[in-house]
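So the chains spell out like this:
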Amino acid sequence: PSADEIFSKYATALGGQTSIDKLKSRIAKGTVTQANGNSFQFELSQAAPDKFYLLVTTPQGTIERGFNGQVGWEKTARGVREVTGLELVNFKMANGLFTLLKLKEQYIRPPRVRKDKLGDRDVYIVDGTTADNRRMRLYFDATSGLLLRRAMTMPTMIGIIPEQIDLEDYREADGLKFPFTARAAALEVGNPTSTRTLTELKLNVPVDESKFNMPPAPKPATP
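Everything numeric in this text was worked out from a predicted model, so none of it was measured. (Residues numbered from 1 in each chain as written. Predicted model: local features only at pLDDT ≥ 70, side-chain atom pairs only at ≥ 80, totals over all residues. Heavy atoms only, no water.)

A.B. asks: Just give me the short version of the overall build of the chain, but keep the residues and values in it.
C.D. replies: Each helix and strand counted, the chain has 3 helices and 13 strands in total. Expressed as lengths along the three principal axes of its C-alpha atoms, the size of the chain is roughly 70 × 40 × 35 Å. By residue count, 44% of the 223 residues in the chain fall in the buried class. The contacts in the chain between residues at least 6 apart in sequence include a share of 43% that link residues at least 24 apart. (Helix = DSSP H or I, 4+ residues; strand = E, 2+ residues; numbered from the N terminus. Buried < 20%, exposed > 50% of the residue type's maximum accessible area, 1.4 Å probe, protein only. Contact = heavy atoms within 4.5 Å.)

Structural data, given as structure tokens:
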């Protein structure tokens, strides 16, 4: 099949292009488990086209990340900082509402297609270059049409790092299917897997838009 046919089958497998086009917001809750067994709660609010707010609760305190369509930011115990450049691209790629839904639009030119195996499954691999000049390979189940893996090169401060996300446990939520388990790994020695597992998912619910805005820096404590 052509890449267009694969993308079309994927949209149908998720619940249909009409349902994807109607998606305006999503609120997800769940856990992030690191390779060492540490597990943290997270809550992710997203609004079309690419706004998001992520809150992760750790024993050391909370980590907040957000993007309001113009400004990206991160707030930790050390304070608030604006996020720009490659780091912002990576933030949006990890947390955007349509990152794993609207795939064709991310390629700068028609990608190549080949057939292969992923474990014991037949897959079609769609392989090409994205608009921000990364290589992106998508592995689609040849039978169900669902996306099983996304492998990309991620530019970072220390060079190009290949990253891979494996998607599992697709479930329906309000008419659309989403993977409730995502295993992410930077394919370098010393970068083990982290697993994001959803426990709750709501679509097209009201989202507090003010959450997406960069919070003011905390005032210095008075002596």
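A.B. asks: So, the pattern of salt bridges: which residues are in play, and what are the values?
C.D. replies: For the structure on display, the rule yields 18 salt bridges. Close ionic contact of Asp 50 with Lys 92 constitutes a salt bridge, the shortest N to O distance being 3.9 Å. Here the residue Asp 50 occupies a position in the loop between strand E2 (39-47) and strand E3 (51-58), and Lys 92 occupies one in helix H3 (residues 85-95), the gap between them amounting to 42 residues. Under the relative-accessibility criterion, Asp 50 is labelled partly exposed at 23%. The closest approach of N and O atoms between Arg 171 and Asp 169, which form a salt bridge, is 2.8 Å. One salt-bridge network, held together by shared partners, links Arg 65, Glu 74, Arg 81 and Glu 87. (Salt bridge = Lys/Arg side-chain N within 4 Å of Asp/Glu carboxyl O.)

A.B. asks: Before we move on, can you summarise the nonpolar core with the specific residues and values?
C.D. replies: One finds Leu 138 and Phe 140 to be the most contacted residues of the largest nonpolar core, which totals 47 residues. Ranked by residue count, the leading element in this core is helix H1 (residues 3-14), at 7 residues. Not counting residues up to four positions away in its chain, the partners in contact with Leu 138 are Phe 7, Leu 103, Tyr 107, Tyr 124, Ile 125, Val 126, Leu 147, Arg 149 and Arg 150. (Core = buried A, V, L, I, M, F, W, Y, C linked by side-chain atoms within 4.5 Å.)

A.B. asks: Could you give an account of the environment of Lys 117, with specific residues and numbers?
C.D. replies: Mapped onto the elements, Lys 117 comes out in strand E7 (residues 112-118). Since its relative accessible area comes to 48%, Lys 117 is described here as partly exposed. A C-alpha to C-alpha distance of 9.5 Å links Lys 117 and Ala 142, two positions 25 residues apart in sequence. Residue contacts for Lys 117: discarding those within four places in its chain leaves Asp 122 and Val 123. Of note is the side chain of Lys 117, whose polar atom sits 3.2 Å from the side chain of Asp 122. (Polar contact = N/O pair within 3.5 Å; in protein donor to acceptor, adjacent residues only side chain to side chain.)

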